[in-house]
Amino acid sequence: MKKLILFALLAGIMSSCAEDTGKTQAALQNIYSAISDGNLNEANAKLASTNQLNESPLVSDGYTKELYGQVHVMETYPIGTEDELIIYKLEKHERNRMMQRKLDSDEFKKKKAAGQIKSIDEENGIIVYSERKYAFKVMEEGNAKYVIRPTSKDMNTHFSKNKDKVQALVRKHF
């Protein structure tokens, strides 16, 4: 009987963790999808006030077009009572009209050596990158907001009391 209760308790704890990770992953996916769609207002509604976007971070010129793909949350670490450090992988799909030049570039070779290239479709000129990143989930005005491009301003605003501990946690995982 004790083993059954212990098993039920552990299953409950694990399911609540997976649920939170799923919500975090969905929120990040929605942010990156909104950026890909060019809807910065929708993305900014989910981003912390210190981390608002004025322009898309995606490249879109005559030769290259980038879109964000899937977000995969790998780990989360609590910071204080409600904030979290989120470690995730983000796919970026790049369509390139000058594919051979891209494949010969030093930047591409470095990414390939680092294991960031997920797939290459030379015929259609599409490369899928997978990059390990980190973000923060912070509470602003009672709502969960995200910091996807952390800066020193974000650190000072959201983690002024425990900035050194947060920076040590980031250094430990990056």
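Above this note sits the structure.
Residues numbered from 1 in each chain as written. Predicted model: local features only at pLDDT ≥ 70, side-chain atom pairs only at ≥ 80, totals over all residues. Heavy atoms only, no water.

### A word on the nonpolar core
How we decide: Throughout, nonpolar core names a set of buried Ala, Val, Leu, Ile, Met, Phe, Trp, Tyr and Cys residues whose side chains join them through atoms within 4.5 Å. Here the term buried applies to any residue with accessible area under 20% of the maximum for its type, exposed to any over 50%, and partly exposed to those in between, with areas from a 1.4 Å probe on protein chains only. Put simply, DSSP marks the helices as runs of H or I at least four residues long and the strands as runs of E at least two long, and each gets a number from the N terminus on.
Ranked by internal contacts, the top residues of the largest apolar core, which has 20 residues, are Leu28, Ile31, Tyr32, Ile35, Tyr88, Tyr146 and Ile148. Contributing elements (two or more residues each) for this core: helix H1 (2–36), helix H2 (40–46), strand S1 (64–79) and strand S2 (83–96). Considering each element in turn, this core owes the most residues, six residues, to H1. Formed by 11 residues, the second largest nonpolar core is a distinct cluster that contains Ile79, Val138, Val166 and Val170.

### Section: the pattern of salt bridges
Worth spelling out the cut-off: Each reported salt bridge corresponds to a side-chain nitrogen of Lys or Arg within 4 Å of a carboxyl oxygen of Asp or Glu.
By the definition in use, this model includes five salt bridges. Two residues, Glu66 and Lys92, come together in a salt bridge whose shortest N-O distance is 4.0 Å. Here the residue Glu66 occupies a position in strand S1, and Lys92 occupies one in strand S2, the gap between them amounting to 26 residues. For Glu66, a relative accessible area of 8% corresponds to the buried category. Across the pair Lys111 and Glu107 runs a salt bridge whose closest N-O atoms are separated by 3.4 Å. With Lys111 and Glu107 both in helix H4 (residues 106–113) and four residues apart, the pair spans about one turn of that helix. Here Lys111 falls in the partly exposed class, since its relative accessible area comes to 22%. Sharing partners across several salt bridges, the network here consists of Glu94, Lys102, Glu107 and Lys111.

### Considering the environment of Thr50
Note the threshold: Any two residues whose heavy atoms approach within 4.5 Å are treated as being in contact. Polar contact is defined as a pair of N or O atoms within 3.5 Å, subject to the rule that within protein one atom must be able to donate a hydrogen and the other to accept it, and that residues adjacent in sequence are counted only when both atoms are side-chain atoms.
One can find Thr50 in the loop between H2 and S1. As a C-alpha pair, Thr50 and Arg149 span 99 residues in sequence and 9.9 Å in three-dimensional space. With residues up to four places along the chain from it excluded, the contact list for Thr50 reads Glu140, Lys153, Asp154, Thr157 and His158. Separated by 2.2 Å, the side chains of Thr50 and Asp154 make a polar contact.

### Details of the environment of Tyr134
As for its placement among the helices and strands, Tyr134 is situated in strand S4 (residues 126–140). Sequence-wise, Tyr134 and Tyr88 are 46 residues apart; in three dimensions their C-alpha atoms are separated by 6.1 Å.

### Here's the deal with the environment of Ser33
On the secondary structure map, Ser33 appears in helix H1. For Ser33, a relative accessible area of 28% puts it in the partly exposed group.

### Brief notes about the packing of aromatic side chains
The cut-off we apply is this: Only the six-membered ring of Trp is used, alongside the rings of Phe and Tyr, when aromatic pairs are assigned; centres must lie within 6.5 Å, and planes under 30 degrees apart are stacked while those over 60 apart are edge-to-face, with the rest tilted.
Under the criterion given, the structure shown has five aromatic pairs. For the pair Tyr32 and Tyr68, a centre-to-centre distance of 4.7 Å together with 70 degrees between the ring planes defines the contact as edge-to-face. Residue Tyr32 is located in helix H1, and its partner Tyr68 is located in strand S1; the two are separated by 36 residues in the primary sequence. For the residue pair Tyr32 and Tyr68, the accessibility class agrees, reading buried in each case. Judged by centre distance (5.0 Å) and plane angle (55 degrees), the rings of Tyr134 and Phe174 are tilted. Of this pair, Tyr134 sits in strand S4 while Phe174 sits in the segment after helix H6 (163–173); the two residues are 40 residues apart in sequence, bridging distant segments of the chain.

### Examining the pairing of S2
Quick reminder of the rule: Following DSSP output, two strands are said to pair if at least two bridges run between them.
Of all 14 residues in S2, 10 are buried; the element is thus mostly enclosed. Connecting the antiparallel pair S1 and S2 is a turn made up of three residues, with Gly80 showing a positive phi of about 75 degrees. Direction of pairing for S2 relative to S4: antiparallel, over a ladder of 12 bridges. Across the sheet, residue Glu94 finds its bridge partner in S4, namely Ile127.

In short, the description is geometric, and any link to function would need to be established separately.
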